Amino acid sequence: MQRILLLAVTLALVIAGVGWFFVSAGFALSVTIGAALACGSFFLLQRDVRRLMEHVAATAGSAGGMLPKVGFFVKALGRFVILALVLFTVANKINIQPLGLVLGLVTIMVSTVVLGLLRKRERLSGISD
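Residues numbered from 1 in each chain as written. Predicted model: local features only at pLDDT ≥ 70, side-chain atom pairs only at ≥ 80, totals over all residues. Heavy atoms only, no water.

Enquirer: Describe the side chain of S30, naming the residues involved and giving the relevant values.
Expert: Summarising the element assignment, S30 is placed in helix α2 (residues 25–58). Of the polar contacts made by the side chain of S30, one reaches the backbone oxygen of G26; its length is 2.9 Å. Here S30 is in contact with N95, I96, Q97, G100 and L101, once residues within four sequence places are set aside. (Helix = DSSP H or I, 4+ residues; strand = E, 2+ residues; numbered from the N terminus. Polar contact = N/O pair within 3.5 Å; in protein donor to acceptor, adjacent residues only side chain to side chain. Contact = heavy atoms within 4.5 Å.)

Right under this line is the structure:
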């Protein structure tokens, strides 16, 4: 998970730098805002998943395991609502460029796909960490 965050931040910095140089400072700011929101949301989701898995492992086989799962989904839904409200507020206060914002938001997804493909290639070729 840390590799995903590290790659996402690196990718966002590269995109923001190239965007600042070739497009504008507003574009770079939009990429940075999108990446910060995506990385922050991913970090919180990672933490919540880890806690849920620890709870499930600790209570394996016992009754009453449904409440933490419901709590996880409520937190995830709340995080998405808060993310939407933050995006709406930021878009009203700052002149956000939509393409830059989207590029920033997808850095986590691109990082996950890239690292997943690299992991698959390592497994197919027999190379290990």
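Enquirer: Lay out the packing of aromatic side chains with the relevant residues and their values.
Expert: Counted under the stated rule, the structure contains two aromatic pairs. Both rings, one in F21 and one in F22, keep their centres 5.0 Å apart while their planes meet at 90°; by these two values the pair is edge-to-face. A centroid spacing of 5.3 Å and a plane angle of 70° characterise the contact between F72 and F73, whose relative ring orientation is edge-to-face. (Phe/Tyr/Trp six-rings, centres within 6.5 Å; stacked < 30°, edge-to-face > 60°.)

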